[in-house]
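# An overview of the molecular structure
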Amino acid sequence: MKALRDNFGVQGECYASPSNRYGVEPWTFCSAYPETDGWFGSSGSFFNFWPIEGSFECNPPFSVDAVDSMFAHIKEIFSKSSGSLSFCVIMPGNHWKKFYRDTGREDLAELIRHEEILEMGEHLYLTGNWINSAEVEEKDTWTANMDTALIWIQNASGNAKWPVDPEKVTNVTKAFRGIHGDSDTTYTNI
Ligand SMILES: C[S@@+](CC[C@H](N)C(=O)[O-])C[C@H]1O[C@@H](n2cnc3c(N)ncnc32)[C@H](O)[C@@H]1O
């Protein structure tokens, strides 16, 4: 997450919980249970989140319905604002290719600036379940057993403000591979 923040100005995550949000302030996060999570700073469900500008990360639950709804909501957000907007979506690579990219089903096509596929076995996620297991440390990682797609979706002013240049993408993919530099491992997978 730090790599996304440092390289793409990411200021919040659209799918999170108080225990798997990135731990910096200021930071925006959406979560599934606003009644409880609101006390910990949640902005509520992503589907009630209407930013007019900003750069965000979206790592939704990996189900077809959840991903469909996410893309539909991102599209609505872009339709309601001409402010600088950028979303970096993280999702399973096979799901992205089969149901969206290769079928043309994704109707945000004109806003998609870049796609990067991270190969299975070659990138890491934070395990994330340190909160409910004494055997897991907060920094423990899990090697992905599937490809991951990173998709940058931006309007023109978002692209001008947070350009998806190769060096910045490499900084993010290195963090995913556990090559930290001054960046930490990027994602949890709760
Ligand atoms: C794959 S994890 C994301 C992990 C980490 N926060 C990230 O962004 O990389 C998906 C998270 O989305 C949360 N979630 C589910 N439905 C949501 C909704 N409608 N709005 C916001 N978050 C939601 C889940 O509870 C879970 O914590």
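Now for a look at the structure at hand.

Conventions adopted
Residues numbered from 1 in each chain as written. Predicted model: local features only at pLDDT ≥ 70, side-chain atom pairs only at ≥ 80, totals over all residues. Helix = DSSP H or I, 4+ residues; strand = E, 2+ residues; numbered from the N terminus. Rg over C-alpha atoms; globule rule 2.2 N^0.38 Å. Buried ≥ 20, exposed ≤ 12 C-beta atoms within 10 Å, placed from the backbone. Core = buried A, V, L, I, M, F, W, Y, C linked by C-beta atoms within 7 Å. Contact = placed C-beta atoms within 7 Å. Pairing = 2+ DSSP bridges. Axes fitted to C-alpha atoms, helices over the stretch in contact; angles between N-to-C directions. Right-handed = clockwise from strand over helix to strand, strands pointing away.

## Quick look at the overall build of the chain
The secondary structure content of the chain amounts to six helices and eight strands. Its helices and strands in sequence order give the chain the pattern α-β-β-α-β-α-β-α-β-β-β-β-α-α, from N to C terminus. Its C-alpha atoms give the chain a radius of gyration of 16 Å, near enough to 16 Å, the size a compact globule of 190 residues would have. When the backbone C-alpha atoms are referred to their principal axes, the chain occupies close to 45 × 40 × 30 Å. For the chain, the proportion of its 190 residues judged to be buried stands at 33%.

## Remarks on the nonpolar core
One finds Cys58, Cys88 and Val89 to be the most contacted residues of the largest nonpolar core, which totals 37 residues. Within the residue set of this core, elements represented by two or more residues are α1 (2-8), β1 (12-16), β2 (28-31), β3 (54-58), α3 (64-80), β4 (85-92), β8 (148-154) and α6 (166-176). Residues within four places of Cys58 in sequence aside, it is in contact with Cys14, Tyr15, Met70, Phe87, Val89 and Ile90.

## What to know about the pairing of β1
Buried residues dominate β1, accounting for five of its five residues. With three bridges joining them, β1 and β2 adopt parallel strand pairing. Considered in β2, the bridge of Ala16 is made with Ser31.

## Thoughts on the sheet that holds β4
Reading across from one edge, β2-β1-β3-β4-β8-β5 is the order of the six strands in this open sheet, with mixed pairing throughout. Only two strands of the sheet have a single partner each, and these edge strands are β2 and β5 (112-118). Pairs of neighbouring strands in the sheet enclose a mean axial angle of 15°, with direction left out of account. Sheet topology places β1 next to β3; two bridges connect them, and they run parallel. What sits directly across from Glu13, in β3, is Glu57.

## Quick look at the environment of Arg5
By the secondary structure assignment, Arg5 is in helix α1. For Arg5, a count of 18 C-beta atoms within 10 Å translates into the label partly exposed.

## Looking at the environment of Val164
Inspection of the secondary structure assignment puts Val164 in the loop between α5 (156-161) and α6. Overall, the presence of 21 C-beta atoms within 10 Å leaves Val164 in the buried class. As a C-alpha pair, Val164 and Trp152 span 12 residues in sequence and 7.6 Å in three-dimensional space. Excluding its chain neighbours within four sequence positions, the residues that come into contact with Val164 are Arg113, His114, Trp152 and Val169.

## As for the pairing of β4
In terms of residue burial, β4 counts as a mostly covered element, since seven of its eight residues are buried. Bridging between β3 and β4 involves five bridges; their strand directions are parallel. The residue bridging Glu57 from the neighbouring strand is Cys88, located in β4. What joins β3 to β4 is α3, and the crossover it makes is right-handed. Bridge analysis of β4 against β8 gives seven bridges, and the strand direction is antiparallel. Within β8, the residue paired with Ser86 across the bridge is Gln154.

These values are about where atoms sit, not about what they do.
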